[in-house]
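Per-entry structural report
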2 protein chains.
Amino acid sequence: MNIILASSSKSRSRVLAAAGVPFTVVPSTIDETILKDTLLRQHTPLDKIAGALADAKALSVSQAHPKALVLGGDQTLLFDGELVSKSQDIAAARVLLARLRGKEHRLIGGLTLAHDNKILWRHGESAELWMRHFSDAFLERYLKTEGTSILSAVGCYKLEGLGVQLFHRITGDYFSILGLPLLPLLAELRKQGVIPK
Amino acid sequence: MNIILASSSKSRSRVLAAAGVPFTVVPSTIDETILKDTLLRQHTPLDKIAGALADAKALSVSQAHPKALVLGGDQTLLFDGELVSKSQDIAAARVLLARLRGKEHRLIGGLTLAHDNKILWRHGESAELWMRHFSDAFLERYLKTEGTSILSAVGCYKLEGLGVQLFHRITGDYFSILGLPLLPLLAELRKQGVIPK
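Now for a description of the structure that goes with this document.

Parameters and conventions
- Residues numbered from 1 in each chain as written.
- Chains lettered and ligands numbered in written order.
- Predicted model: local features only at pLDDT ≥ 70, side-chain atom pairs only at ≥ 80, totals over all residues.
- Heavy atoms only, no water.
- Buried < 20%, exposed > 50% of the residue type's maximum accessible area, 1.4 Å probe, protein only.
- Helix = DSSP H or I, 4+ residues; strand = E, 2+ residues; numbered from the N terminus.
- Contact = heavy atoms within 4.5 Å.
- Polar contact = N/O pair within 3.5 Å; in protein donor to acceptor, adjacent residues only side chain to side chain.
- Axes fitted to C-alpha atoms, helices over the stretch in contact; angles between N-to-C directions.
- Parallel < 35°, antiparallel > 145°, perpendicular 65-115°, else oblique.
- Left-handed = near helix turned anticlockwise from the far one by under 90°.
- Nonpolar A, V, L, I, M, F, W, Y, C, P; charged D, E, K, R; others polar.
- 1 Å grid on protein atoms, 1.4 Å probe; cavity = no way out; pocket = protein on both sides within 12 Å on 5 of 7 lines; lining within 4 Å.
- Points joined across faces, edges and corners; volume = space filled by probe spheres on them.
- Buried area = accessible area lost by both parts, 1.4 Å probe.
- Salt bridge = Lys/Arg side-chain N within 4 Å of Asp/Glu carboxyl O.

A look at helix H1 (residues 10-18) of chain A
Given 3.6 residues per turn, any residue in an α-helix points the same way as the ones three and four places further on. Residue and element names in this part refer to chain A. Inspection of H1 places Ser11, Arg12, Ser13, Val15 and Leu16 among the buried residues, and these make up the whole buried set. On the buried face of H1, the contacting elements are strand S1 (3-5), strand S2 (24-25), strand S3 (69-79), helix H6 (174-177) and helix H7 (182-191). Where H1 starts, the residue carrying a side-chain oxygen 3.4 Å from the main-chain nitrogen of Ser11 turns out to be Ser9. At the C-terminal side of H1, Gly20 shows a positive phi close to 85 degrees.

Observations regarding the packing of helix H2 (residues 32-41) of chain A against helix H3 (residues 49-64) of chain A
Relative orientation and spacing of two packed helices are given, respectively, by the angle between their axes and the distance between those axes. Residue and element names in this part refer to chain A. Put simply, H2 and H3 touch, their axes get as near as 11 Å, and they point 135 degrees apart. Classified by the angle their axes make, H2 and H3 are oblique. Read as a crossing pair, H2 and H3 show a hand that is right-handed. Between H2 and H3, the residues in contact are Glu32, Leu35, Lys36, Leu39 and Leu40 and Ile49, Ala52, Leu53, Ala56 and Lys57, respectively. Taken together, the residues that form the contact of H2 with H3 break down as seven nonpolar, no polar and three charged.

With respect to empty space enclosed by the protein
Residues and elements named next belong to chain B. Applying the stated rule across the entire model yields one cavity of 30 Å³ or more. By volume, the largest cavity is sized at about 40 Å³. Forming the walls of the largest cavity are Gln75, Leu107, Ile108, Gly109, Glu125, Ser126, Ala127, Ser176 and Ile177. Taken together, the elements giving at least two residues each to the lining of the largest cavity come down to strand S5 (104-115), strand S6 (118-131) and helix H6 (174-177). A breakdown of the residues in the lining of the largest cavity according to their chemical character gives four nonpolar, four polar and one charged.

Thoughts on the interface of chain B and chain A
Contacts between chain B and chain A engage 29 residues on the former and 29 residues on the latter. Note on chain B versus chain A: buried area summed over both sides is about 2100 Å², and carbon and sulfur give 59% of it. On the chain B side of the contact with chain A, Gln165, Tyr174 and Leu183 of chain B bury the most area, a combined 26% of that side's loss. Remark: the boundary between chain B and chain A carries zero salt bridges. Among the secondary structure elements, those contributing two or more residues to the side of chain B that touches chain A are helix H5 (136-146), strand S7 (167-171), H6 and helix H7 (182-191) of chain B. Counted by class, the side of chain B that touches chain A contains 17 nonpolar, six polar and six charged residues.

Comments concerning the pattern of salt bridges
Should the charged atoms of two oppositely charged side chains come close, the side chains can pair. In total, this model carries 16 salt bridges over all chains according to the counting rule given. Put simply, Lys57 of chain A and Glu32 of chain A hold a salt bridge, and the shortest N to O gap is 3.4 Å. Placement of the pair is Lys57 of chain A in helix H3 and Glu32 of chain A in helix H2, with a sequence separation of 25 residues. In this structure Lys57 of chain A comes out as buried when scored by relative accessible area, which is 6%. The salt bridge involving Asp74 of chain B is made with Lys57 of chain B; its shortest N-O contact spans 2.9 Å. Placement of the pair is Asp74 of chain B in strand S3 (residues 69-79) and Lys57 of chain B in helix H3 (residues 49-64), with a sequence separation of 17 residues. It is possible to trace a salt-bridge network through shared partners that takes in Glu32, Lys57 and Asp74 of chain A.

Description of the environment of Leu162 of chain A
All names here are of chain A. Following the sequence through the fold, Leu162 ends up in the loop between helix H5 (136-146) and strand S7 (167-171). Classification of Leu162 as buried rests on a relative accessible area of 6%. Linking Leu162 and Tyr142, residues 20 residues apart in sequence, is a C-alpha distance of 7.3 Å.

And the structure:
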């Protein structure tokens, strides 16, 4: 059975490829913004949104590829009781990072495996991250060095790069923070017989 | 003040470079095997060996470069009450991995910053890792795919690669497992004024 990653996230692809898992990428075409708004209007608890989006992505790609094992993933950022949306440009990233500075936020990850339009497996995981009181000069240098590459991450940082300098404490699984809780996923892929035991 | 990494570990270099820290590499020339044997004969507790080796590496390079901030690092593997040494070839790696299979081991990391032949800062951290009951066929495929590159790590695995498939559970900081507890180090480098706040 082939594995399809229903995500255009470069970070997820990198983690999965580095672990030696064979897969192809077929990004889901669902409109995440509309779905997220619908979930919020239905008073879905904020910590369940990532899982619901992972389900939707996996199922939407499974419809077109029913014979494959489809992996959907999503990650949300919770801060101050609110769901933070992706920043559209560097100006918005600057505003977000200045808000997160000196405070704690939470990353919630959802992973879903689907096959033949049915959900086979779900996994949820969260991590807490504390940003330090970095200077305005640091923030400007950070934005200039990293550029628009940070906009692909909801928190506007990549821990595999300069982003790690924004933090003074991180708890939770590193792979989950990158968007792909790898150990539970590998265990399930072995159970499904798609990678060797 | 320039930062010197007193280690030839590619993993440490990669982590530090990815975080945007400027540094040069000057590997220490101390004989680790002799020093380790001496420490063991002196009944140094096993969980203190990594810290003592990190001290020795930092101080040895600091002697030749007294004006630089010298970072020494070491990592030891504790299993079944013993200190495990690096494997010299694939045959030894096979024996070690078969011993670790299905069991827990501990990685202990030591980091030391030295300046002008004096130790400025020390940090110790440990992680617990549980290897799964992988098959003999998996082990052979792993050794063939990874080749001699795994011999640079005391446990004969790199979590950034296929090595992650050896595990079913890992606790502890990811950067520490790679050999460089990054967040405490970055905090100290800011305190020393060598990277921007």
